[in-house]
Amino acid sequence: MGSIGDDDNGRLLVEIMDKYKVKTEYYVNKQEPTGSCVVLLKDNKRCLLPLLGAATGFPTEHIKAHWNIVEEAKLLYSTAYFVSTNYEALQLVINHAFETKKSTLG
């Protein structure tokens, strides 16, 4: 789950996930573009420069409406960006993982 913009990058992300049969349930944010990130690498160091875009508008209601995906998941993953974009939704997933002893990454 995540949030994409109603734009070419969002549609490309859906297409790629579909191609590899990754189950997704994106919220389409019509006000912001799909987020992107520049990655700078030098030796063993990296720097991430994110533009969160549509991710900043991920509503808690979306995750609640598709809660069955969380319940059916064997592994739960989140980026740290959810802490600043929708802590409430992240907390719901964390609590579920703790209560069901599911594996997590992120």
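Structure: see above.
First, a word on what this report is: a plain description of the structure on this page. The shown structure was predicted, so the numbers you read here are calculated from the model rather than taken from an experiment.

**Observations concerning the layout of surface pockets**
In this structure, the largest pocket encloses a volume near 1300 Å³. Along the wall of the largest pocket there are 41 residues; nearest its centre are Met1, Gly2, Tyr77, Thr79 and Phe82.

**Examining the pairing of strand S2 (residues 26-29)**
As judged from the four bridges shared by strand S1 (residues 2-5) and S2, these two strands associate in the parallel manner. Counted as the bridge partner of Gly5 is Asn29 from S2. Following the chain from S1 across helix H1 (residues 8-19) to the adjacent parallel S2, one finds a crossover that is right-handed.

**Re the pattern of salt bridges**
Scanning all chains against the criterion turns up four salt bridges. A salt bridge links Asp6 to Arg11, with the shortest nitrogen-to-oxygen separation between them at 3.2 Å. When its relative accessible area of 45% is taken as the criterion, Asp6 is described as partly exposed. Between Asp8 and Arg11 there is a salt bridge, with the nearest N and O atoms lying 3.1 Å from each other. Remark: Arg11 and Asp8 occur in helix H1; sequence separation between them is three residues, near one turn of the helix. Given a relative accessible area of 45%, Arg11 falls into the partly exposed group.

Reading the values: rules and limits
Residues numbered from 1 in each chain as written. Predicted model: local features only at pLDDT ≥ 70, side-chain atom pairs only at ≥ 80, totals over all residues. Heavy atoms only, no water. 1 Å grid on protein atoms, 1.4 Å probe; cavity = no way out; pocket = protein on both sides within 12 Å on 5 of 7 lines; lining within 4 Å. Points joined across faces, edges and corners; volume = space filled by probe spheres on them. Pairing = 2+ DSSP bridges. Helix = DSSP H or I, 4+ residues; strand = E, 2+ residues; numbered from the N terminus. Right-handed = clockwise from strand over helix to strand, strands pointing away. Salt bridge = Lys/Arg side-chain N within 4 Å of Asp/Glu carboxyl O. Buried < 20%, exposed > 50% of the residue type's maximum accessible area, 1.4 Å probe, protein only.

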